[in-house]
Amino acid sequence: MSADNIHSCQPNWSAFTGTILPGGYEVGGIVEAEKERARFRARVLGDWSADAFIDAVGADGPEAEEQVRLWTAAKDLHHTNLNSPLAAGEFENPDARLIYVVVPGADETLAG
């Protein structure tokens, strides 16, 4: 399932900066943002040296719930060539409902 198939909204992304998500992840500064999705730096509470990002999508409906289930299931996939999610879930504030996945920073890129 692609995040493009999810019923989406257009949240005020900067309103989420500083939010603490379940599992101890603090939403940091915006790395990039579009209307329906954004990427934030993440601070892992208790491990300040960890490099992680939060990919968030403003979403609602059963497709959003299914996407969170898929991200959560992907946490159990372990291989040296995979960058498995650290956490996934939903978050609401008065502005919007988000689904998100926390991913570790990549050790390297394909660009070289």
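Residues numbered from 1 in each chain as written. Predicted model: local features only at pLDDT ≥ 70, side-chain atom pairs only at ≥ 80, totals over all residues. Heavy atoms only, no water.

Asker: It is not clear to me how the packing of aromatic side chains should be interpreted in this structure. Could you clarify?
Answerer: What describes a pair of aromatic rings is the distance from one ring centre to the other and the angle between the planes of the rings. The full count for this structure, using the stated rule, is three aromatic pairs. Taking the centre distance of 6.3 Å and the plane angle of 50 degrees together, the rings of Trp13 and Phe16 count as tilted. Accessibility expressed as a relative area gives 7% for Trp13, which makes it buried. Take Phe16: its relative accessible area is 1%, and that puts it in the buried class. Here a set of aromatic residues connected by ring pairs shows up, and it is made of Trp13, Phe16, Phe40 and Phe91. (Phe/Tyr/Trp six-rings, centres within 6.5 Å; stacked < 30°, edge-to-face > 60°. Buried < 20%, exposed > 50% of the residue type's maximum accessible area, 1.4 Å probe, protein only.)

Asker: How do you make sense of the environment of Gly23 when you look at a structure like this?
Answerer: Positionally, Gly23 belongs in the loop between strand S2 (20–21) and strand S3 (25–33). Sequence separation between Gly23 and Gly89 is 66 residues; the distance between their C-alpha atoms is 9.8 Å. (Helix = DSSP H or I, 4+ residues; strand = E, 2+ residues; numbered from the N terminus.)

Asker: Would you mind going over a nonpolar patch on the surface with me for this structure?
Answerer: A cluster of nonpolar side chains, contributed by Ile20, Leu45 and Trp48, occupies part of the molecular surface with about 320 Å² of accessible area. Tracing the backbone shows Ile20 in strand S2. (Patch = residues over 30% accessible without salt bridge, like charges linked within 9 Å, V, L, I, M, F, W, Y side chains within 5 Å. Areas by Shrake-Rupley, 256 points an atom, 1.4 Å probe, with all protein chains shown as cover. Salt bridge = Lys/Arg side-chain N within 4 Å of Asp/Glu carboxyl O.)

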